[in-house]
Amino acid sequence: EAGLRADSAKNYSEAKELYENALNTARINKLPEEFISNSMLNLGRMQGYLCDYPAAEKTLKEALGLEESRPNSGRASDSAVRRKSTVMKISSALAVLTYDQENYPASVSYFEKAISLAEELGILRADPLQLSDVLDDFALALEKAGHIDKAVSTRTRAASIREPFGNKKPRFRMVRFR
């Protein structure tokens, strides 16, 4: 909780230290992998906000690998939904991080994974404006990666989702690392 408070207050150095401590404690005490991967997500975000991009990418990739290697029950259980949600959040963070580092092909791949999971989890119903924002970022990555036709269709889709809401803003926005 202290890490989340520091994170919310934009005290990223303190949050990073607190998330590192939480991660180390989780590993020492052999807490569930779900807790460890979420701690790594938080730590990786802080590393990115503090411009330590190589460490952020390494931490986030490790978190993604850990989360994807967890057994999947194949059922729509709470655990499976939490797992998909965590993979979506980690993939989103990696999409933005790799975009900000101008690694557009990797960014496109992470955006595709994040958007697919977001749609599966019902984000279009829960927060369509957030999805339209993510689709706009995805369109930029596609364009920079040379996928112009797909960028245009993605931008069109984002605009059609946003249109019924006028100038209303999404509840949540992805934070850039630069």
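Residues numbered from 1 in each chain as written. Predicted model: local features only at pLDDT ≥ 70, side-chain atom pairs only at ≥ 80, totals over all residues. Heavy atoms only, no water.

Things to note about the pattern of salt bridges
Point 1. If you walk through the whole model with that rule in mind, you get 13 salt bridges.
Point 2. Residues Glu34 and Arg82 are paired through a salt bridge, measuring 2.7 Å at the closest nitrogen-oxygen approach. On the criterion of sequence distance, the pair formed by Glu34 in helix α3 (residues 33-49) and Arg82 in helix α5 (residues 78-100) is long-range, its members being 48 residues apart.
Point 3. Arg82 gets classed as partly exposed once you look at its relative accessible area, which sits at 39%. (Salt bridge = Lys/Arg side-chain N within 4 Å of Asp/Glu carboxyl O. Helix = DSSP H or I, 4+ residues; strand = E, 2+ residues; numbered from the N terminus. Buried < 20%, exposed > 50% of the residue type's maximum accessible area, 1.4 Å probe, protein only.)

With respect to the packing of α3 against α5
Point 1. Two elements in contact, α3 and α5, have axes separated by 10 Å at closest approach and are oriented at 20 degrees. As the angle between them shows, α3 and α5 are arranged roughly parallel. Regarding α3 and α5, the two cross each other, and that crossing is left-handed. Together, Glu34, Ser37, Asn38 and Leu41 of α3 and Arg82, Thr86, Lys89, Ile90 and Ala93 of α5 make up the contact between the two elements.
Point 2. Considered class by class, the residues forming the contact of α3 with α5 number 3 nonpolar, 3 polar and 3 charged. (Axes fitted to C-alpha atoms, helices over the stretch in contact; angles between N-to-C directions. Parallel < 35°, antiparallel > 145°, perpendicular 65-115°, else oblique. Left-handed = near helix turned anticlockwise from the far one by under 90°. Contact = heavy atoms within 4.5 Å. Nonpolar A, V, L, I, M, F, W, Y, C, P; charged D, E, K, R; others polar.)

Focus: the packing of aromatic side chains
Point 1. Under the definition given, this model contains 3 aromatic pairs.
Point 2. For the ring pair Tyr12 and Tyr49, a centre distance of 4.6 Å and an interplane angle of 45 degrees mean the geometry is tilted. Residue Tyr12 is found in helix α2 (residues 12-28), and its partner Tyr49 is found in helix α3; the two are separated by 37 residues along the sequence. Each member of the pair Tyr12 and Tyr49 is classed as buried. (Phe/Tyr/Trp six-rings, centres within 6.5 Å; stacked < 30°, edge-to-face > 60°.)

Considering the nonpolar core
Point 1. In terms of nonpolar packing, the biggest core is built from 47 residues, with Phe111, Ile115, Leu135 and Phe138 touching the most fellow members.
Point 2. Of all elements in the fold, only α2, α3, α4 (53-69), α5, α6 (104-120), α8 (128-144) and α9 (148-162) reach the threshold of two or more residues within this core.
Point 3. In contact with Phe138, not counting residues within four places along its chain, are Val108, Phe111, Glu112, Ile115, Lys150 and Thr154. (Core = buried A, V, L, I, M, F, W, Y, C linked by side-chain atoms within 4.5 Å.)

Considerations on unusual backbone geometry
When glycine is set aside, most residues are seen to have a negative phi, and most peptide bonds are trans.
Point 1. Despite not being glycine, Lys10 shows a phi value in the positive range, around 60 degrees.
Point 2. Residue position: Lys10 is located in the loop between α1 (2-8) and α2.
Point 3. According to the relative accessible area criterion, Lys10 is exposed, its value standing at 61%.
Point 4. A positive phi angle, close to 65 degrees, is found at Glu102, a residue other than glycine.

Description of the packing of α3 against α4
Point 1. At a minimum axis separation of 8 Å, α3 and α4 run at an interaxial angle of 160 degrees. Between α3 and α4, the crossing angle belongs to the class labelled roughly antiparallel. As for the relative orientation of α3 and α4, their crossing is left-handed in sense. Contacts between α3 and α4 pair Glu33, Glu34, Ile36, Ser37, Met40, Leu41, Leu43, Gly44, Arg45, Gln47 and Gly48 from the former with Tyr53, Ala55, Ala56, Thr59, Leu60, Glu62, Ala63, Leu66 and Glu67 from the latter.
Point 2. Split into classes, the residues belonging to the contact of α3 with α4 amount to 10 nonpolar, 5 polar and 5 charged.

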